[in-house]
2 protein chains.
Amino acid sequence: MAASRRPLAPDEPNRRAEIVRAASRLFAEKGYAGTTIRDIARAVDMQSGSPFYHFKTKHDMLLAVVLEGMATITRAVGAAAARAGTPREVFEAMLLAHLDQLLAEDGRHFAATLLHESHHLEAAARAVLIEQKDAYEALWQKALRELKRSGEIDDDSRVTRLLLMGALNWTVQWYRPNGGRTVKQIARQISGMLLKSR
Amino acid sequence: MAASRRPLAPDEPNRRAEIVRAASRLFAEKGYAGTTIRDIARAVDMQSGSPFYHFKTKHDMLLAVVLEGMATITRAVGAAAARAGTPREVFEAMLLAHLDQLLAEDGRHFAATLLHESHHLEAAARAVLIEQKDAYEALWQKALRELKRSGEIDDDSRVTRLLLMGALNWTVQWYRPNGGRTVKQIARQISGMLLKSR
DNA sequence: CATGCTACCAAGCAAGCGCTTGCTTGACAA
DNA sequence: TTGTCAAGCAAGCGCTTGCTTGGTAGCATG
């Protein structure tokens, strides 16, 4: 009946991070409203009331998940944006970093929760998230500006960025790790579609 | 306390369709799991048990919503695909029809539910939906094939179609009716990004 | 050895959930 | 006038939900 209790290392830090990771997976798979505290507790082998030692409410768990997802992807894409290279090289590195966060094993549940469950946050928490999101989108807007300056795209407007984000973020719906295409190939295909020079 | 009971026309057909419409709005706004039968009943001014006269389960209500959404968009885009014209003209008409179903007042809740809540269906119901979806995607694949034959795109692979669908479907996340851009302008911008000739 | 703190467990509460039941109502038919 | 039927209402059942509460094992510090 009871799940096997894995041996905790004696100096393991507290299990808040473990709860967040389990919550991200469950929120991504069953949705925020479809996931119960008991689901999360079971996933980390706790009693159903124990997660509330680490989080005041279920909403706070969701907020922790989406903020970690946002921070991680911003860090990864920001690093790609900051590297040296032509606008095209920078752009392709950013594509790869973004897709990697969405699709790779570790962290894809954070991204999926961020994309699909954020609207369950209350107004105050959502405001915090939007601030982060604006900073992230500025990275992309700048990259598009550089591409236009170097003549590789015609239009660097907001709508262009949003359409690009759609193509990227929608991969979550259809990408399968063993589906023939690697993340790198998808990134190349996108830049091939959008950029004029080759 | 009680909502004002609007006077029913004496020959009004049964209210099943009204329930489906209300359910589509609520599922789109709060998610399937986040919407209660009581929410739906209240929206159509019924008692909480009464919708079960028309539907056996809550899942059946979801199925009715997504099937209606799928049928409506297939009809609209199919009509655009069947019209006479160059591959480019056909493609642009399809873009417009698809976006119109996603973004226009009537029916956008059906589309949003279809896109975001279908995974709550059980296996049997999902199989029915997938069959419809395959037929719909074949419309697009054919349109891409024609565009390639006429030399307006380089690549008509499955991945191209999925990336395009992503750019289209993601508009649900950011489009606002009074946001400066019309649906027609967005459709034009997409075809401008993807197609080579002008 | 006493004290205090961290990180839980065991139990359960109030509210809300999907769904069922027995009954009513108004329209129409015989 | 009586019978039938569609379309509900009123009530509530059994269960699940997010969250709370009182207690405590294990470790660190004095």
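Preceding this section is the structure that the text describes.
Residues numbered from 1 in each chain as written. Chains lettered and ligands numbered in written order. Predicted model: local features only at pLDDT ≥ 70, side-chain atom pairs only at ≥ 80, totals over all residues. Heavy atoms only, no water.

**Student:** Tell me about the overall build of chain A, residues and numbers included.
**Tutor:** Counting secondary structure elements, chain A contains ten helices and zero strands. Along the chain direction, N to C, the helices and strands of chain A fall in the order α-α-α-α-α-α-α-α-α-α. Looking at the 198 residues of chain A, the share that counts as buried comes to 47%. Contacts spanning at least 24 positions in sequence make up 68% of the contacts within chain A whose residues lie at least 6 apart. Carbon and sulfur atoms provide 52% of the accessible area of chain A, an area that totals close to 10,500 Å². For chain A, the distance from the average site of its 29 positive side-chain charges to the average site of its 23 negative ones is 2 Å. (Helix = DSSP H or I, 4+ residues; strand = E, 2+ residues; numbered from the N terminus. Buried < 20%, exposed > 50% of the residue type's maximum accessible area, 1.4 Å probe, protein only. Contact = heavy atoms within 4.5 Å. Areas by Shrake-Rupley, 256 points an atom, 1.4 Å probe, with all protein chains shown as cover. Lys, Arg positive; Asp, Glu negative; His and termini not counted. Charge placed at Lys NZ, Arg CZ, Asp CG, Glu CD.)

**Student:** Which residues make up unusual backbone geometry, and what values go with them?
**Tutor:** All names here are of chain A. Located in the positive-phi region is D45, a residue other than glycine, with phi close to 60°. Its location among the elements puts D45 in the loop between α2 (37-43) and α3 (51-54). The exposure class of D45 is partly exposed, given its relative accessible area of 24%.

**Student:** Kindly report on the protein's contact with DNA strand C, identifying the contributing residues and their values.
**Tutor:** Of all residues adjacent to DNA strand C, which total 18 residues, the nearest are S50 and H54 of chain A together with T36, I37 and K58 of chain B. At 3.4 Å, a side-chain N or O of R15 of chain A approaches a phosphate oxygen of DNA strand C. Among the secondary structure elements, those contributing two or more residues to the surface near DNA strand C are α3 of chain A together with α2 (37-43) of chain B. Grouping the amino acids of the surface near DNA strand C by side-chain chemistry returns four nonpolar, nine polar and five charged. (Near = heavy atom within 4 Å. Polar contact = N/O pair within 3.5 Å; in protein donor to acceptor, adjacent residues only side chain to side chain. Nonpolar A, V, L, I, M, F, W, Y, C, P; charged D, E, K, R; others polar.)

**Student:** With reference to specific residues and values, describe the protein's contact with DNA strand D.
**Tutor:** Among the 19 residues in the neighbourhood of DNA strand D, the closest are listed as T36, I37 and K58 of chain A together with Q47 and S50 of chain B. The sugar-phosphate portion of DNA strand D accounts for 63% of its atoms within 4 Å of the protein, the bases making up the rest. K58 of chain A places a main-chain nitrogen or oxygen 2.7 Å from a phosphate oxygen of DNA strand D. Measuring from a phosphate oxygen of DNA strand D, one finds a side-chain N or O atom of R15 of chain B at 3.3 Å. When its residues are assigned to classes, the surface near DNA strand D shows four nonpolar, nine polar and six charged.

**Student:** Provide a residue-level description of the relation of the copies chain B and chain A, including the pertinent values.
**Tutor:** You can overlay chain B on chain A at an RMSD of 0.1 Å; the transform is a turn of 180° with a shift of 0.0 Å along its axis. In symmetry terms, the pair is related by a two-fold rotation axis. A share of 100% of interface residues in chain B that are also interface residues in chain A marks the association as one of identical surfaces. (Least-squares fit on C-alpha atoms with pLDDT ≥ 70 in both.)

**Student:** Any chance you could break down the pattern of salt bridges for me, citing the residues and the numbers?
**Tutor:** Two side chains of opposite charge can pair, provided their charged atoms sit close to one another. Residues and elements named next belong to chain A. Counting across every chain of the model gives 20 salt bridges over all chains. Here R15 and E18 are joined by a salt bridge, their closest N and O atoms 3.2 Å apart. Comparing R15 with E18 shows no difference in burial state: the two are buried. Put simply, R108 and E105 hold a salt bridge, and the shortest N to O gap is 3.0 Å. A relative accessible area of 57% places E105 in the exposed class. (Salt bridge = Lys/Arg side-chain N within 4 Å of Asp/Glu carboxyl O.)

**Student:** Residue-level account of the packing of aromatic side chains, with values.
**Tutor:** Two measures describe an aromatic ring pair: the distance that separates the ring centres and the angle between the ring planes. Scanning the model with the defined rule gives four aromatic pairs over all chains in all. One residue, K58 of chain A, lies across the ring of Y32 of chain A, its end atom 4.3 Å from the ring centre. (Phe/Tyr/Trp six-rings, centres within 6.5 Å; stacked < 30°, edge-to-face > 60°. Lys NZ or Arg CZ within 6 Å of the ring centre and 35° of its normal.)

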